[in-house]
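What follows is each chain in one-letter form.
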Amino acid sequence: MRVLVYDTHSYDRTFLDAANAGRHQLDYTTAQLDHQTAALAEGYEAVCLFVNDYADEPVMARLAAGGVRVIAQRSTGYNNLDLAAAERHGIVCMRVGYYSPYAVAEFAVGLLQTLNRRIHRAYNRTREFNFRLAGLLGHDIHGRTVGVVGTGKIGAIFARIMHGFGCPLLGYDVRENPECLELGMTYVPLEELLRRSDIISLHAPLLPSTHHLFNAETLAMTKPGVMIINTSRGGLINTEALIAAVQSGHVGAVGLDVYEEEEGKFFRDLSDQVIDDEVLARLMTFPNVLLTSHQAFFTYEAMTTIAETTIQNLSDAEEGRENSNVLRAG
Ligand code: NAD
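Residues numbered from 1 in each chain as written. Predicted model: local features only at pLDDT ≥ 70, side-chain atom pairs only at ≥ 80, totals over all residues. Heavy atoms only, no water.

If you walk across this open sheet you meet the 7 strands as β8-β7-β6-β9-β10-β11-β12, and the pairing is parallel. In this open sheet, the two edge strands, each paired with only one partner strand, are β8 (186-187) and β12 (289-291). Relative to strand β9 (residues 199-202), strand β6 (residues 146-149) is paired through 4 bridges, and the arrangement is parallel. The residue bridging G147 from the neighbouring strand is I200, located in β9. Running at roughly 170 degrees to β6, helix α6 (residues 153-165) makes contact with β6, β7 (169-172) and β9 of the sheet. Across the face of the sheet, helix α10 (residues 239-247) comes into contact with β10 (226-230), β11 (251-256) and β12 while running at roughly 140 degrees to β11. (Pairing = 2+ DSSP bridges. Helix = DSSP H or I, 4+ residues; strand = E, 2+ residues; numbered from the N terminus. Contact = heavy atoms within 4.5 Å. Axes fitted to C-alpha atoms, helices over the stretch in contact; angles between N-to-C directions.)

So, on to the site of the ligand. As a matter of local geometry, the ligand sits amid 25 residues, with Y99, K153, I154, D173 and T231 nearest to it. One of the backbone N or O atoms of T231 is found 2.9 Å from a nitrogen atom in the ligand. Taking S232, its main chain carries an N or O atom lying 3.5 Å from an oxygen atom of the ligand. Protein coverage of the free-state accessible area of the ligand, which is 860 Å², stands at 89%. Split into classes, the residues belonging to the shell around the ligand amount to 10 nonpolar, 10 polar and 5 charged. (Near = heavy atom within 4 Å. Polar contact = N/O pair within 3.5 Å; in protein donor to acceptor, adjacent residues only side chain to side chain. Areas by Shrake-Rupley, 256 points an atom, 1.4 Å probe, with all protein chains shown as cover. Nonpolar A, V, L, I, M, F, W, Y, C, P; charged D, E, K, R; others polar.)

Of the two faces of strand β2 (residues 25-28), only one is covered, namely that formed by L26 and Y28; the face formed by Q25 and D27 stays uncovered. With 4 bridges connecting them, strand β1 (residues 2-5) and β2 associate as parallel partners. Bridge assignment links R2 to a residue of β2, and that residue is Q25. This β-α-β element, β1 to helix α1 (residues 10-20) to β2, shows right-handed connectivity. (Buried < 20%, exposed > 50% of the residue type's maximum accessible area, 1.4 Å probe, protein only. Right-handed = clockwise from strand over helix to strand, strands pointing away.)

To continue, consider the environment of N130. Examined against the element boundaries, N130 turns out to sit in the loop between α5 (119-127) and β6. The exposure class assigned to N130 is partly exposed, which follows from its relative accessible area of 31%. Only 3.0 Å separates the side chain of N130 from the backbone nitrogen of R132, close enough to count as a polar contact.

Segmentation of the protein chain into domains returns domain 1 (2-99 + 302-327) and domain 2 (101-291). In this assembly, 16 residues from domain 1 lie in contact with 11 residues from domain 2. Taken together, both faces of the contact between domain 1 and domain 2 bury some 1100 Å²; the carbon and sulfur share is 51%. At the junction of domain 1 with domain 2, the criterion picks out 1 salt bridge. For the pair domain 1 and domain 2, the interface holds 5 residue pairs in polar contact (both at pLDDT 80 or more). When its residues are assigned to classes, the side of domain 1 that touches domain 2 shows 7 nonpolar, 8 polar and 1 charged. (Domains from an automatic or database assignment. Buried area = accessible area lost by both parts, 1.4 Å probe. Salt bridge = Lys/Arg side-chain N within 4 Å of Asp/Glu carboxyl O.)

As a further point, take the pattern of salt bridges. If you walk through the whole model with that rule in mind, you get 12 salt bridges. Of the charged contacts in the structure, one is a salt bridge between D198 and K223, with a shortest N-O distance of 2.9 Å. Of this pair, D198 sits in the loop between α8 (190-196) and β9 while K223 is found in the loop between α9 (216-220) and β10, placing the two residues 25 residues apart along the sequence. On the accessibility criterion, D198 (15% relative accessible area) is buried. Classification of K223 by relative accessible area gives partly exposed; the value is 29%. Each of the salt bridges in this network shares a partner with another, and the network as a whole consists of D316, E319 and R321.

In this section: the sheet that holds β1. One open sheet accounts for 6 strands, arranged β2-β1-β3-β4-β5-β13; its pairing is mixed. Each of the sheet's edge strands pairs with one partner strand only, and the pair in question is β2 and β13 (326-327). Relative to strand β4 (residues 70-73), helix α12 (residues 300-319) is tilted by about 160 degrees, and along the sheet it contacts β1, β2, β3 (46-49), β4 and β5 (92-94).

Moving on, we come to the nonpolar core. Membership of the largest hydrophobic core comes to 87 residues, with the highest contact counts inside it found for V149, F158, M162 and F214. Residue contributions to this core peak at 9 residues, all from helix α4 (residues 101-117). Here F214 is in contact with V149, L194, I200, L202, L219, I228, L236, I237 and N238, once residues within four sequence places are set aside. (Core = buried A, V, L, I, M, F, W, Y, C linked by side-chain atoms within 4.5 Å.)

This part takes up the pairing of β1. Note that β1 and β3 share 3 bridges and pair parallel. Residue pairing across strands places V3 opposite A46, the latter belonging to β3.

Dropping the structure here:
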């Protein structure tokens, strides 16, 4: 298949080329897919997308008009795709249904401990030969109540790691995961999880039902001093409400690998530009907010599986084979 790979970085190319081994014709562009750049796919049978390439109705229409009939999303999350529009335009959408959930869960724990023990601040201090400890006081994690919102593949691994730390586990999900129940997790309504958790980690997908699940009202229900970790999708949190809760001192620490306005910023070097995003700039001013640019998935193991699955998805689509990574609307 002729495939245009959007939003490409050197590492995408390395892993995709290795997995492809000449099976498909992969052409790469650094452009992100949007209304303007959809025309670049004219004449291609497939496009390969990442999390901040968005394909709404007009983009789907433009892709289909140019001959695209397959979208291979190289991530598990696919909230950037309008699946109903894809179906109307005869485009089959596929994703990477599974890759190392350890990558994201382990990263969430990394954010948690960095914030808790102020490792990010210690790193900066010691590089300037400042060896004072004042301001670096943390807590034992052992015994702290951890709330997991979304207890699927990643949430369950995160829960298992926190169980290893000796933390009581609370879960909130639309369905209970037997693996989490085995760890002793207690499933509770969201309000109870908010009230009782010392640490809350988000692992639910971005859906209409989870959009701004964390807002002024729900943040006010959390324990004073709560730590919130989000490695899922930025849209789960109303960032302005989060800033107000950090500013007031109610929320004690925040680790964000995702941000609701990350599109066009994350995965880019903007270090020599003035950032035109007041909310992002405000987030950066808090010493107890740690932001990373959607890197939780970024391990060698995850990148290998993502690339291999993406190539297999393209081959299955080309040869009309059944594939459980096909996404359906509704
Ligand atoms: P999964 O489908 O295995 O688990 C998601 C869980 O969320 C399921 O148990 C589901 O029942 C639950 N859920 C659905 N709707 C819900 C609701 N309204 N309220 C509460 N729970 C709800 O997915 P996963 O592989 O564990 O991935 C979780 C999310 O992590 C993905 O959707 C993606 O957005 C995000 N992710 C982020 C990165 C990163 O690099 N930061 C990488 C991979 C995935």
